[in-house]
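In case you want the letters, here they are:
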Amino acid sequence: ESNEKELLENKLVIEQFRAEVESKEKELAFTIVEKDGEIEELKLNIQNKSKELEDLLGVEERYKTSLTNVNDLEQQMIQADMNAEVTETKLKAEIAEKTNFNY
């Protein structure tokens, strides 16, 4: 009878352990699903941040190009001013020369 009682107690302990293991498995499954959701959310967040970064890099490139264009235009204006000055000097010289011929 002592063996039967011990066997019964062991069966109860085993059933308790089995119930605890099943409970922990369910908890773990819910945690895994929850963490998978968080991982997917983080992946989306990273994709969005990557897109924002690409956009910012594009803005930076356009800004650099614009600065180069402005610099080129300034150089062209300087050259145009110099050309105008040379042309003005030549015209003044021609006018002076023609004026001297008339007197």
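In case you missed it, the structure is sitting above this.
The notes below deal with the structure included here. Every chain is numbered independently, its residues counted from 1 as its sequence is written. In keeping with the predicted nature of the model, local features appear solely for residues at pLDDT of at least 70, side-chain atom pairs appear and are counted solely at 80 or more, and the whole-chain, interface and lining totals rest on all residues. Derived side-chain values reflect all non-hydrogen atoms in the structure, with water molecules and hydrogen atoms excluded from consideration.

Some details on the overall build of the protein
- Helix and strand assignments come from DSSP, with helices taken as H or I runs of at least 4 residues and strands as E runs of at least 2, each series counted from the N terminus. The number of helices and strands found in the protein is one helix and zero strands.
- Radius of gyration here is computed from C-alpha atoms only, and the compact-globule reference equals 2.2 Å multiplied by the residue count raised to the power 0.38. Taken over C-alpha atoms, the radius of gyration comes to 44 Å for the protein, far larger than the 13 Å a tight globule of 103 residues would show.
- Expressed as a percentage of its 103 residues, the buried residues of the protein come to 0%.
- Carbon and sulfur atoms make up 58% of the accessible area of the protein, which amounts to about 10100 Å² in all. Only protein chains enter the accessibility calculation, which uses a 1.4 Å probe; a residue is then buried when its area is under 20% of its type maximum, exposed when over 50%, and partly exposed in between. To be clear on the numbers: accessible area is Shrake-Rupley with a 1.4 Å probe, and residue cover counts the displayed protein chains and nothing else.

With respect to the pattern of salt bridges
- The rule for a salt bridge is simple: a side-chain nitrogen of Lys or Arg has to be within 4 Å of a carboxyl oxygen of Asp or Glu. Enumeration over the complete set of coordinates arrives at seven salt bridges.
- Measuring nitrogen to oxygen at the nearest pair gives 3.3 Å for the salt bridge that ties Glu88 to Lys92. Of this pair, Glu88 and Lys92 both sit in helix α1 (residues 2-102), separated by four residues, roughly a single helical turn.
- The class for Glu88 is partly exposed, based on a relative accessible area of 43%.

These figures capture arrangement, not role.
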